[in-house]
Amino acid sequence: MASDGATAALDPVARREAAVRAAVEQGLVGPDAPVLGLLDVDGVRATVRELREAFTTEGGGTVLHTFAVKAASLVPVLALLNEEGVGAEVASPGELELARAAGVPADRIVFDSPAKTVAELRDALAHGIAVNADNAQELERIDALVAEAGGQVVAPLGIRVNPQVGTGSIGAMSTATATSKFGVALRDEGAEQWVLDAFRARPWLTRLHTHTGSQGVPLELMAEGVRVVYELAEKINAQAGRQQIDTLDIGGGLPVNFASEEVTPSYAEYAELLRRTVPGLFDGRYALVTEFGRSLLAKQGLIAAHVEYTKTSGGRRIAVTHAGAQVATRTVFVPESWPLRVGAFDALGRPKTAPGLVQDVAGPCCFAGDLVARGRELPELASGDLVALYDTGAYYFSTHFHYNSLPRPAVAGYVVDDAGKVSFAQVRAAQTVAEVLAESGAGQATALTELRSER
Ligand SMILES: *Cc1c(COP(=O)(O)O)cnc(C)c1O
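Residues numbered from 1 in each chain as written. Predicted model: local features only at pLDDT ≥ 70, side-chain atom pairs only at ≥ 80, totals over all residues. Heavy atoms only, no water.

As annotated in an unreviewed UniProt entry, the protein chain carries the name Diaminopimelate decarboxylase and is attributed to Streptomyces olivaceiscleroticus. Under the UniProt heading Sequence similarities (unreviewed entry), the note attached to the protein chain is "Belongs to the Orn/Lys/Arg decarboxylase class-II family." Word for word, the UniProt comment on the protein chain under Cofactor (unreviewed entry) is "pyridoxal 5'-phosphate". (UniProt positions renumbered as here; feature names shortened; annotations may be inferred.)

Rendered as structure tokens:
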């Protein structure tokens, strides 16, 4: 099923530059199409290959890699990953339907929302989609559904635990703190015993799940979280006198280097650390599930934006572009945690090479803080140029912020042949003004003026 993905001749930076140039030439980005997301398709395939090669188990124990759909909720992207053997980690009915639309089979989907409704749980259970109960109340709902199905359980079921190993550098991204909202907090009084009892009473529970990190969480902390969960699985299996837990879902969360081209840490480094910290994880007794999001796509994508104007204000140089908080929301609101590299291109899409000049790169939103880079040294930008926000292939394409009714931009995938010829495929069309109107209630313009209380 996975393609052998012929290795691209050009390196990723050369492919990216060829793609920006071709996108300008073809009018995919420019004065009339001011923002564009670009995804390096061969780069995605190569990244999946690195992931698969890093996580092998002895004796060929199964390893299922799933992609955290929230990181790029775009059906063609999910279908590309599916073709490479990567399933989907979903957290809402919408994400589940995206995975289904991409052709991801049920046995490669994991449903992980912290707020699953009864209807969502029933759907997942009926279709054999893996579910990890987040808490005791959810497990009670699952009990009722299992009883309703006469004890016939077709879906792999488990419990999500929080090993409470600590916080990374970005609080909002730290899932395994003492007080995280996710999973059963293992170190709370009585919690581990509760998990042991839950498994003892339910022979159909066969999985443990944890997602210990995300951007900003040190690798050692992530591996430590996995160790805690592995040891709990060993206890549960010892208590059962059989391999009750057959699958460990170790989540995602590999951080991404946003400071340079270098891919660090790599999947190989993380897998090596896991091998050292939790040797038993890879001995083939457990099937493994992973749920990487950011690390699979971030470095394979960029957002190109037209520079509308350049100006100075109080001595400060500002380039006003069309990429701001609507596409780079976290970068604009929490710049110290989510800095992005910015590339400067001329109006023909060629990289600018002039000596650097300190500039701010602003977006189109009507608030003063709408900046994607502050005091950055870049070749002097001019009206009609382009900026490229690098490493934006994960989260940035699909976490749009509707501020100022700005439309979701188009996203295109690209491949580049040996001769440097670029081919594009549309992943998503830019949202039209008509679509913005429709989702803004234009179909019921008089709804409020006609509403009167009865007299
Ligand atoms: C967001 C999320 C992931 C993916 O995290 P990344 O940091 O993008 O790798 C995996 N599992 C769960 C449960 C998540 O919520």
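Peer 1: Please clarify how the overall build of the protein chain should be interpreted in this entry.
Peer 2: A count of helices and strands for the protein chain gives twelve helices and 18 strands. In terms of overall size, the protein chain behaves like a compact globule, its C-alpha atoms giving a radius of gyration of 24 Å where 455 residues would be expected to give roughly 23 Å. Within the span of the protein chain, comprising 455 residues, buried residues form 53% of the whole. Carbon and sulfur atoms make up 53% of the accessible area of the protein chain, which totals about 19600 Å². Side-chain charges in the protein chain split into 40 positive and 55 negative, and the spacing between the mean points of these groups amounts to 3 Å. (Helix = DSSP H or I, 4+ residues; strand = E, 2+ residues; numbered from the N terminus. Rg over C-alpha atoms; globule rule 2.2 N^0.38 Å. Buried < 20%, exposed > 50% of the residue type's maximum accessible area, 1.4 Å probe, protein only. Areas by Shrake-Rupley, 256 points an atom, 1.4 Å probe, with all protein chains shown as cover. Lys, Arg positive; Asp, Glu negative; His and termini not counted. Charge placed at Lys NZ, Arg CZ, Asp CG, Glu CD.)

Peer 1: Got a minute to help me understand unusual backbone geometry in this structure?
Peer 2: Leave glycine aside and you will find that most residues have negative phi; peptide bonds, for their part, are mostly trans. Of note, the bond from Thr-264 into Pro-265 is cis; its omega dihedral lies within 30 degrees of zero at -5°. Tracing the sequence through the fold places Pro-265 in the loop between strand S9 (247–249) and helix H9 (267–277). Backbone geometry at Gln-164 places phi at a positive 50°, although glycine is not the residue there. Phi angles above zero are rare outside glycine, and Tyr-395 is one such case at about 70°. Summarising the element assignment, Tyr-395 is placed in the loop between strand S16 (386–390) and strand S17 (410–416).

Peer 1: Looking at this model, I keep getting lost on the packing of helix H7 (residues 191–201) against helix H8 (residues 219–240). Mind explaining?
Peer 2: Helix packing for two helices is described by the angle between their axes and how far apart those axes are. Across the interface, H7 lies against H8 with an axial gap of 10 Å and an inter-helix angle of 45°. For the element pair H7 / H8, the angle class is oblique. Of the two possible hands of crossing, H7 and H8 adopt the one that is right-handed. Within the contact between the two elements, H7 uses Glu-192, Val-195, Leu-196, Phe-199 and Arg-200 and H8 uses Leu-232, Lys-235, Ile-236 and Gln-239. In the contact of H7 with H8, the residues fall into five nonpolar, one polar and three charged. (Axes fitted to C-alpha atoms, helices over the stretch in contact; angles between N-to-C directions. Parallel < 35°, antiparallel > 145°, perpendicular 65-115°, else oblique. Left-handed = near helix turned anticlockwise from the far one by under 90°. Contact = heavy atoms within 4.5 Å. Nonpolar A, V, L, I, M, F, W, Y, C, P; charged D, E, K, R; others polar.)

Peer 1: What is the right way to read the site of the ligand from this model?
Peer 2: Around the ligand sit 14 residues in total, of which Lys-70, Ser-214, Glu-291, Arg-294 and Tyr-395 are the nearest. A distance of 2.7 Å is found between a nitrogen atom of the ligand and a side-chain nitrogen or oxygen belonging to Glu-291. Contact between the ligand and Tyr-395: an oxygen atom at 2.5 Å from a side-chain N or O atom of the residue. Contact with the protein chains removes 93% of the 390 Å² of surface that the ligand exposes when unbound. (Near = heavy atom within 4 Å. Polar contact = N/O pair within 3.5 Å; in protein donor to acceptor, adjacent residues only side chain to side chain.)

Peer 1: What's the story with the packing of aromatic side chains in this structure? I'm lost.
Peer 2: Both the distance between ring centres and the angle between the ring planes are used here to describe each pair of aromatic rings. Scanning the model with the defined rule gives eleven aromatic pairs in all. Between Phe-258 and Trp-338, the aromatic rings sit 6.4 Å apart at their centres with planes inclined by 80°, giving edge-to-face as the arrangement. Taken as a pair, Phe-258 in the loop between S9 and H9 and Trp-338 in the loop between helix H11 (329–333) and strand S13 (342–345) lie far apart in primary sequence, 80 residues in all. For Trp-338, a relative accessible area of 4% gives the class buried. (Phe/Tyr/Trp six-rings, centres within 6.5 Å; stacked < 30°, edge-to-face > 60°.)

Peer 1: Looking at this model, I keep getting lost on helix H5 (residues 118–126). Mind explaining?
Peer 2: Quick reminder: α-helices carry 3.6 residues per turn. Residues three or four places apart thus point the same way. Glu-120, Leu-121, Ala-124 and Leu-125 are the residues of H5 that are buried. Take H5 and look down its axis: the buried residues cluster within an arc of 130°, on one side only. Across from the buried face of H5, at angles greater than 90 degrees, the exposed residues are Ala-119 and Ala-126. In this structure, the buried side of H5 is in contact with helix H4 (93–101), strand S4 (109–111), strand S5 (130–133), helix H6 (136–148) and strand S6 (157–162). Looking one or two places after H5, you find Gly-128, whose phi comes out positive at around 75°. (Arc of directions from axis to C-beta.)

Peer 1: It is not clear to me how the pattern of salt bridges should be interpreted in this structure. Could you clarify?
Peer 2: In a structure, side chains of opposite charge can pair up when their charged atoms sit close to one another. Overall, the coordinates contain 25 salt bridges when judged by the stated rule. The closest approach of N and O atoms between Lys-116 and Glu-138, which form a salt bridge, is 2.9 Å. Within this pair, whereas Lys-116 is found in the loop between S4 and H5, its partner Glu-138 is found in helix H6, the two being separated by 22 residues in sequence. Neither residue differs from the other here; Lys-116 and Glu-138 are each classed as buried. (Salt bridge = Lys/Arg side-chain N within 4 Å of Asp/Glu carboxyl O.)

Peer 1: Explain the side chain of Asp-385 here, please?
Peer 2: Relative to the helices and strands, Asp-385 resides in the loop between strand S15 (371–379) and S16. Looking at Asp-385, its side chain comes within polar contact range of the side chain of Lys-352, at 2.4 Å. Within the structure, the side chain of Asp-385 is placed 2.8 Å from the backbone nitrogen of Ala-382, a separation counted as a polar contact. With sequence-adjacent residues up to four places away left out, Asp-385 is seen in contact with Ala-305, His-306, Val-307, Phe-345, Asp-346, Ala-347, Lys-352 and Glu-380.

Peer 1: Explanation requested: the environment of Leu-348 in the structure shown.
Peer 2: Locating Leu-348 in the fold gives a position in the loop between S13 and strand S14 (356–362). Leu-348 sits in the partly exposed class, given a relative accessible area of 48%. As a C-alpha pair, Leu-348 and Val-24 span 324 residues in sequence and 6.3 Å in three-dimensional space. Contacts of Leu-348, omitting those with residues within four sequence positions, involve Arg-21 and Val-24.

Peer 1: I'm lost on the domain arrangement of the protein chain in this one. Help?
Peer 2: The accessible area lost on association of the parts is a frequent measure of interface size. Each assigned domain of the protein chain is listed here: domain 1 (5–40 + 298–439) and domain 2 (112–292). Domain 1 and domain 2 are separated by 36 Å when their C-alpha centres are compared. Contacts between the two partners involve eleven residues from domain 1, matched on the other side by eleven residues from domain 2. For the pair domain 1 and domain 2, the two sides together bury roughly 930 Å², of which 63% comes from carbon and sulfur. When the area that domain 1 buries against domain 2 is broken down by residue, the three leading residues are Lys-299, Trp-338 and Arg-341, summing to 54%. Inspection of the domain 1/domain 2 interface yields two salt bridges. The closest approach of N and O atoms between Arg-341 and Glu-261, which form a salt bridge, is 2.8 Å. The interface formed by domain 1 and domain 2 holds four residue pairs in polar contact (both at pLDDT 80 or more) in total. (Domains from an automatic or database assignment. Buried area = accessible area lost by both parts, 1.4 Å probe.)

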